[in-house]
Number of protein chains: 2
Amino acid sequence: MATVIENTNVELQAIEAKKAAKKLSLLTTEEKNEALLIIANKLEEEYKGILQANEKDLEVGREKGYEAAYMDRLALTKDRVFDFADGLRQVAKLEDPTGDILSEWTLENGLKVEKVRVPLGVIGMIYEARPNVTVDATGLALKSGNSIVLKGGSSAINSNRKIVEVMHLALENTKIPKEAVQFISSTNREATEQLFTMKEHIDVLIPRGGGSLINAVVNNATVPVLETGVGNCHLYIDKEADVEKALSILVNAKTDRPAVCNAAETLIVHQEWFEQHIDRLVETFNQNNIVVHGDQFVTSRIPNALPAGEEDWENEYLSLDIAVKVVGNVDEAIDHIDRYGTKHSEAIITENRDTAAKFMKLVDASSLYHNASTRFTDGGALGFGAEIGISTQKLHARGPMGLPALTTVKFLMSGNGQIR
Amino acid sequence: MATVIENTNVELQAIEAKKAAKKLSLLTTEEKNEALLIIANKLEEEYKGILQANEKDLEVGREKGYEAAYMDRLALTKDRVFDFADGLRQVAKLEDPTGDILSEWTLENGLKVEKVRVPLGVIGMIYEARPNVTVDATGLALKSGNSIVLKGGSSAINSNRKIVEVMHLALENTKIPKEAVQFISSTNREATEQLFTMKEHIDVLIPRGGGSLINAVVNNATVPVLETGVGNCHLYIDKEADVEKALSILVNAKTDRPAVCNAAETLIVHQEWFEQHIDRLVETFNQNNIVVHGDQFVTSRIPNALPAGEEDWENEYLSLDIAVKVVGNVDEAIDHIDRYGTKHSEAIITENRDTAAKFMKLVDASSLYHNASTRFTDGGALGFGAEIGISTQKLHARGPMGLPALTTVKFLMSGNGQIR
């Protein structure tokens with residue numbers, strides 16, 4: 001019967017979060033900012049305890065033989081903890097979107113109408129390895145007046161639990177009730193799945209992690225979901241592309257940080273450009289250790305290219321591998337992106353403005369680039385401040401999501417007896 | 001194997017709609033407006049054929065013994081068809097939200113960023129009896145540059161099919177491809193359920209109808225849903241409520257159009273006010289044929305009141321029935337609304353500004369009223385023009401949804417070789 005008790009706890013936590021959200025919605029921006037600064041200081045004060053807890057997770061990770069990149073995402077250092085604190089101080093400086101009157105008008109009968117921005121209520125955050133999400137997401141939620149229910153990955157359970165413990169300690173000296181930050185300490189699937197259907201208590205679920213986590217949430221949740229992150233991004237080099245721009249953008253989009261969602265995964269090249277510049281292209285691949293998986297045309301011209309199949313077009317490599325396809329025109333490139341893209345970031349390299357305009361108009365994605373790297377799809381790079389994730393959906397928020405994505409609106413009508 | 005063939009057709013229709021949406025996204029506002037006017041004229045020209053088709057539905061309805069209100073919603077007249085046409089002409093006059101540049105800025109490296117409003121793509125409309133939805137929803141979808149897949153109720157199948165046939169005829173003389181309007185002629189459940197999971201081809205589902213239809217879509221769809229319409233609306237008469245305002249708003253909110261979603265379903269009354277004004281209140285109920293279902297306090301004071309149970313607090317009556325609860329303060333009223341409300345429209349009647357402010361701040365609903373009737377939650381009444389429905393969800397759109405709810409945004413980045 002352990003599962004039943006566990007489930008009940010999760011629901012009770014969500015109910016507590018909802019109650020706390022009401023209190024939180026009444027606080028001023030100053031009170032919320034002060035709380036963020038107090039949490040930031042406390043995280044720095046308690047960094048040693050956090051590193052100790054993190055060491056337990058790292059030990060388990062070493063025993064389980066996790067790969068180096070995964071261990072790196074999991075590992076905390078004094079600097080990283082201090083970075084979390086600085087992140088909160090940055091969020092304190094951001095404009096508070098709640099309370100903004102987005103529009104106001106008066107009907108002929110004298111009824112006054114205001115459209116006001118308000119917090120969503122309770123945010124459910126379901127995420128994988130990185131413990132920084134625990135702090136970042138909490139900071140953004142609290143700043144926008146929302147409670148948060150945190151469900152992190154089991155591999156970071158000790159780190160996350162300790163971080164939340166420290167944040168709760170800090171909240172005791174603030175106006176924010178500590179029930180506004182809930183941590184699901186159970187590592188079983190049932191706890192996560194329970195969050196999927198708590199429409200009464202949770203206003204939105206935000207999954208952050210790999211494609212399988214995100215799909216599990218999207219396919220099973222009845223709570224509305226903000227879908228983030230999977231980026232099967234394409235770079236299309238057109239017939240009229242400038243060689244230097246094309247190659248430098250290719251290298252940047254593929255190799256700058258291959259494991260992030262705005263990295264390029266597929267290169268589509270116009271046949272004429274490909275044939276004209278094949279030597280420079282192959283040289284670029286070789287110099288940057290890029291592993292080519294090509295279509296038939298590509299493998300017939302580049303001897304060491306591996307053959308690409310459906311899974312190469314469909315999936316993110318998140319490595320120095322790249323799928324390469326040759327096309328006869330921009331329409332074929334757009335069709336390929338329509339079929340395999342994840343509506344994240346797509347780029348065209350061309351000196352022809354009409355071709356670029358067509359690509360930007362017809363490709364369905366959050367972020368379209370003409371003669372620039374896909375790597376700019378990022379809240380920081382675009383100047384939004386901290387982001388809660390990059391939305392690949394079309395409703396509510398698209399692209400990098402800042403604080404306004406964590407709000408909704410209310411219509412407030414004031415009258416003196418108006419009837420219809 | 002009929003089901004399999006049916007299913008394939010529905011998917012093919014959705015794919016056609018998606019292709020048409022690309023063409024539609026390239027049209028100018030003028031081209032879309034012209035098409036709406038051509039459809040409007042054609043509906044008027046062909047009204048006799050539409051009425052003949054409607055007669056077939058009415059015949060089936062009479063055989064099945066549908067109730068009068070239902071038959072009234074189903075029935076078309078020349079005037080009603082001409083109203084559909086006028087509705088399209090109104091939509092043609094609305095501002096086209098697509099193409100708007102919502103913001104633009106340039107990064108330090110010279111990369112130019114534009115946030116542009118664009119159509120969603122393909123809208124799936126799942127609705128019940130009223131054939132006017134077929135025209136209204138199509139008009140709003142096309143004006144905002146979207147294709148639409150229409151799945152109406154089986155009781156209006158002949159009317160809807162004929163209306164779409166007429167709209168298709170009209171579209172032949174416009175720039176809008178007729179594939180932009182798809183009509184699912186199958187009346188089986190499988191056809192509807194297939195729409196629930198077509199994430200590749202359909203960008204949003206909008207259910208319009210009763211609670212069970214809406215819940216079926218919300219609980220089973222993986223395509224994002226815009227939830228509309230269920231309104232379990234409350235009117236709270238505070239201790240300091242003005243008697244005349246309270247009673248006239250009560251009568252309006254309950255009896256003006258009891259079957260619509262913004263009608264009041266529960267009356268919450270402060271005990272002091274209730275005891276002081278019970279005679280006027282009972283008189284108002286009696287004069288307006290309002291049937292009272294009350295809590296224990298109410299039934300002990302109003303002899304002919306029926307006892308109210310959970311289902312009375314939970315459900316919409318959509319009739320002249322009303323549930324009545326007596327409370328000791330505004331907090332109890334807010335708690336009751338939190339528990340049973342559907343986040344649609346909630347009203348407080350009071351002369352105390354602080355009490356009103358507390359209610360408006362703490363009640364979680366799309367539309368909050370101070371000293372006015374809940375009946376104003378309506379796109380037309382609030383001055384938004386035609387609406388596609390009233391959203392009771394918090395993400396993407398809340399309250400009456402006009403054309404902007406049928407759009408999303410794209411970030412367009414133009415550079416000259418920028419890398420990160």
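Residues numbered from 1 in each chain as written. Chains lettered and ligands numbered in written order. Predicted model: local features only at pLDDT ≥ 70, side-chain atom pairs only at ≥ 80, totals over all residues. Heavy atoms only, no water.

Remarks on the UniProt feature "domain: Aldehyde dehydrogenase" (unreviewed entry) in chain A
Then, in step 1: What UniProt calls "domain: Aldehyde dehydrogenase" (unreviewed entry) maps, in this numbering, to residues 9-288 of chain A.
Then, in step 2: Across residues 9-288 of chain A, the secondary structure splits into 54% helix and 16% strand, with the terminal C-alpha atoms separated by 51 Å. (UniProt positions renumbered as here; feature names shortened; annotations may be inferred. Helix = DSSP H or I, 4+ residues; strand = E, 2+ residues; numbered from the N terminus.)

Overview of the pattern of salt bridges
Then, in step 1: Under the defined criterion, the tally for this structure stands at 50 salt bridges over all chains.
Then, in step 2: The partner of Asp364 of chain A in a salt bridge is Lys343 of chain A, and the shortest N-O contact between them spans 3.9 Å. Pair noted here: Asp364 of chain A is in the loop between α15 (353-362) and β13 (367-372) and Lys343 of chain A is in the loop between α14 (330-340) and β12 (345-349), with a separation of 21 residues, a long-range link.
Then, in step 3: You can call Asp364 of chain A buried: its relative accessible area is 19%.
Then, in step 4: Among the ionic contacts, a cluster of salt bridges with common partners joins Lys18 and Asp203 of chain A together with Lys343, Asp364, Lys394 and Arg398 of chain B. (Salt bridge = Lys/Arg side-chain N within 4 Å of Asp/Glu carboxyl O. Buried < 20%, exposed > 50% of the residue type's maximum accessible area, 1.4 Å probe, protein only.)

Digging into the environment of Thr266 of chain A
Then, in step 1: By the element assignment, Thr266 of chain A lies in strand β8 (residues 264-270).
Then, in step 2: For Thr266 of chain A and Val298 of chain A, which are 32 residues apart along the polypeptide, the C-alpha to C-alpha distance reads 13 Å.

What about the packing of aromatic side chains?
Then, in step 1: Scanning the entire structure with this criterion turns up twelve aromatic pairs over all chains.
Then, in step 2: Residues Tyr236 of chain A and Phe359 of chain A carry aromatic rings whose centres are separated by 6.4 Å and whose planes lie at 15 degrees to one another, so their mutual orientation is stacked. Taken as a pair, Tyr236 of chain A in strand β7 (residues 233-237) and Phe359 of chain A in helix α15 lie far apart in primary sequence, 123 residues in all. Judged on exposure class, the residue Tyr236 of chain A and its partner Phe359 of chain A are both buried.
Then, in step 3: These aromatic residues form a ring-pair network of at least three members: Trp105 and Phe411 of chain A together with Phe384 of chain B.
Then, in step 4: Over the ring of Phe297 of chain B we find Arg301 of chain B; its NZ or CZ atom is 4.1 Å from the centre of that ring.
Then, in step 5: Directly above the aromatic system of Trp313 of chain B lies the positively charged group of Lys325 of chain B, at a separation of 5.8 Å from the ring centroid. (Phe/Tyr/Trp six-rings, centres within 6.5 Å; stacked < 30°, edge-to-face > 60°. Lys NZ or Arg CZ within 6 Å of the ring centre and 35° of its normal.)

Digging into the pairing of strand β3 (residues 122-127) of chain B
Walk down a regular strand and you will see the side chains alternate between the two sheet faces.
Residue and element names in this part refer to chain B.
Then, in step 1: Across the six residues of β3, six count as buried, placing the element largely inside the fold.
Then, in step 2: Residues Val122, Gly124 and Ile126 of β3 are buried on one face, and the alternating residues Ile123, Met125 and Tyr127, pointing to the opposite face, are buried as well.
Then, in step 3: In terms of strand pairing, β3 meets strand β4 (residues 147-151) through five bridges, oriented parallel. What sits directly across from Val122, in β4, is Ser147. (Pairing = 2+ DSSP bridges.)

Examining the sheet that holds β13 of chain A
Within a sheet, each strand pairs with its neighbour through backbone hydrogen bonds, oriented either parallel or antiparallel.
Then, in step 1: One open sheet accounts for ten strands, arranged β10(A)-β9(A)-β11(A)-β8(A)-β7(A)-β12(A)-β13(A)-β16(B)-β2(B)-β1(B); its pairing is mixed. If you trace the sheet from one side to the other, it starts and ends with β10 (306-307) of chain A together with β1 (101-106) of chain B, each paired once.
Then, in step 2: Packed onto the sheet, helix α10 (residues 243-255) of chain A meets β7, β8, β11 (321-327), β12 and β13 of chain A together with β16 (407-418) of chain B and runs at close to 120 degrees relative to β16 of chain B.
Then, in step 3: Those strands touched by α14 of chain A are β7, β8, β11 and β12 of chain A, and its axis lies near 175 degrees from that of β7 of chain A. (Contact = heavy atoms within 4.5 Å. Axes fitted to C-alpha atoms, helices over the stretch in contact; angles between N-to-C directions.)

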